[in-house]
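Residue-level structural notes
Here's the letter readout for the chains.
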Amino acid sequence: MKVIRLREGKDRSLLRRHPWVFQGSIDKGKADPGETVRVESAEGKFLCWASFSPTSMIRVRAWSFDEHERIDEAFFQRKIQAAIALRARMPIASDAVRLIHGEADGLPGLIVDRYGSTLCAQFLSAGTEKWKGVIADLLLAATGLSRLYERSDSGVRTLEGLEPVTGWLRGDGDTAVVISEHEWKLSLDVAEGHKTGYYLDQRDNRKKFADLVRHYGCQSVLNCYSYTGGFSVAALAGGATEVVSVDSSAPALARATAHVELNGFDPARHTALDADVNQTLRDMLKQGRSFDAIILDPPKFAPTAAHAERAARAYKDINRLGLKLLKPGGLLFTFSCSGGVGPELFHKIVAGAGMDAGVDGFIMDRVGASPDHPQTIYFPEGEYLKGLLILKR
Ligand code: SAH
């Protein structure tokens, strides 16, 4: 077993159970991509078993902090079974569930989503890549399913020195899937959708939105960055009479349109706009339009804290426009999925947007990702999605 020795004082984060070691913290030691290594402090004390990523800034990802644990097939079986058992206990109103959420489930670099009877996985680190075959078989055994599609085409693989890989890893057939979420149906394609096909992290917020639309009697709803229209279907289910979905992806919008009919709503209640959100908001303001409720769920403007400033301006801009377009008493459900923008900064940005718009609002709720995207107390990077529900004064 190869040993990675850390520099003096660099053991602190592992001692706090944080699972990453950056390249600069390593004194000596090398291993092959994905190889299991023993990580030790400068004094030679055991810290963790980990996988080695020779090209990544995150050079080491911890598998286990228990010196007696062996990193073998049984280890992955325990982790996978625990993650699935946790989901079984959680309140999840869907047959589409994130079964494995990387670091939070003790499996750094592994994402596994279940869409009905199809699994879709991302292997995003050298360590998960090395154990891919073992993990794939264990996933099928633990779920009793037979199909696993691989979507290892995320940019972060490049940082690990890995090529993008997509395709059936186990089983085969049609990549189109229909799922049930709350009381509605949604379609997706594991081969073509964003990420693994769908944004499962917003599941509970879509339900919350449907209930709010009903409660406040919202008639007109603007869903910005709609993707395949999850929030649009929620708005229709809540009784909205006029819903506009805006996205710059034509295939996503085609699916949003299809979802209106799939759920038995009158297509006349929904409009799909293939356009840039920022421009659309400006145009709508000029046209004197207004809405009872607005969703702002943009893509990650700030992947890391280094991008926070530019991202802050972009967030502020759309929130200012959104607040202006809202009718008095209307609802803004605004999100940021940027890890680099924390909840406090996001609040400040929205406050700044309100100030610029000359609009005051009440914070009715603060939300995060659905419970199957858990966060552990030791891994602050796990907090990424945050949302504010604002009632305009
Ligand atoms: N709310 C969605 C997820 C949104 S993901 C859901 O619940 O499923 C972000 C979306 O923003 C993507 O669909 C992407 O195509 C879209 N997008 C990115 N930049 C955009 C832009 N400038 N204008 C419009 N849409 C954009």
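Report on the accompanying structure. (Residues numbered from 1 in each chain as written. Predicted model: local features only at pLDDT ≥ 70, side-chain atom pairs only at ≥ 80, totals over all residues. Heavy atoms only, no water.)

1. Quick look at the site of the ligand
- In the vicinity of the ligand lie 15 residues, with Arg206, Asp247, Asp276, Val277 and Asp297 positioned nearest.
- Arg206 has a polar side-chain atom sitting 2.7 Å from an oxygen atom of the ligand.
- Interatomic distance of 2.7 Å between a side-chain N/O atom of Asp276 and a nitrogen atom of the ligand.
- Protein contacts shield 87% of the accessible area of the ligand, which totals 580 Å² for the unbound molecule.
- Tallied by class, residues from the shell around the ligand come to 7 nonpolar, 4 polar and 4 charged. (Near = heavy atom within 4 Å. Polar contact = N/O pair within 3.5 Å; in protein donor to acceptor, adjacent residues only side chain to side chain. Areas by Shrake-Rupley, 256 points an atom, 1.4 Å probe, with all protein chains shown as cover. Nonpolar A, V, L, I, M, F, W, Y, C, P; charged D, E, K, R; others polar.)

2. A short note on the sheet that holds strand β7 (residues 96-101)
- Here we have 5 strands laid out as an open sheet, ordered β7-β8-β9-β10-β11, and mixed in their pairing. What marks the edges here is a single partner per strand, and that holds for β7 and β11 (165-170). Strand-to-strand twist in this sheet, taken as the mean axis angle between neighbours without regard to direction, amounts to 20°.
- Where strand β8 (residues 110-115) lies against strand β9 (residues 118-123), 6 bridges are found, and the strand directions are antiparallel. Within β9, the residue paired with Ile111 across the bridge is Gln122.
- Sheet strands in contact with helix α4 (residues 132-143) are β7, β8, β9, β10 (147-152) and β11, and its direction is about 50° off that of β11. (Pairing = 2+ DSSP bridges. Helix = DSSP H or I, 4+ residues; strand = E, 2+ residues; numbered from the N terminus. Axes fitted to C-alpha atoms, helices over the stretch in contact; angles between N-to-C directions. Contact = heavy atoms within 4.5 Å.)

3. Thoughts on the sheet that holds strand β20 (residues 386-392)
- With mixed pairing, the 7 strands of this open sheet are ordered in space as β16-β15-β14-β17-β18-β20-β19. Each of the sheet's edge strands pairs with one partner strand only, and the pair in question is β16 (270-274) and β19 (361-367). Geometrically, the sheet is characterised by an average inter-axis angle of 15° between neighbouring strands, direction not taken into account.
- Each of β14 (220-224), β15 (242-247), β16, β17 (291-296) and β18 (326-336) is contacted by helix α7 (residues 230-237), which is oriented at about 175° to β15, the strand it contacts most.
- This element, helix α11 (residues 343-357), spans β18, β19 and β20 of the sheet and lies at about 30° to β20.

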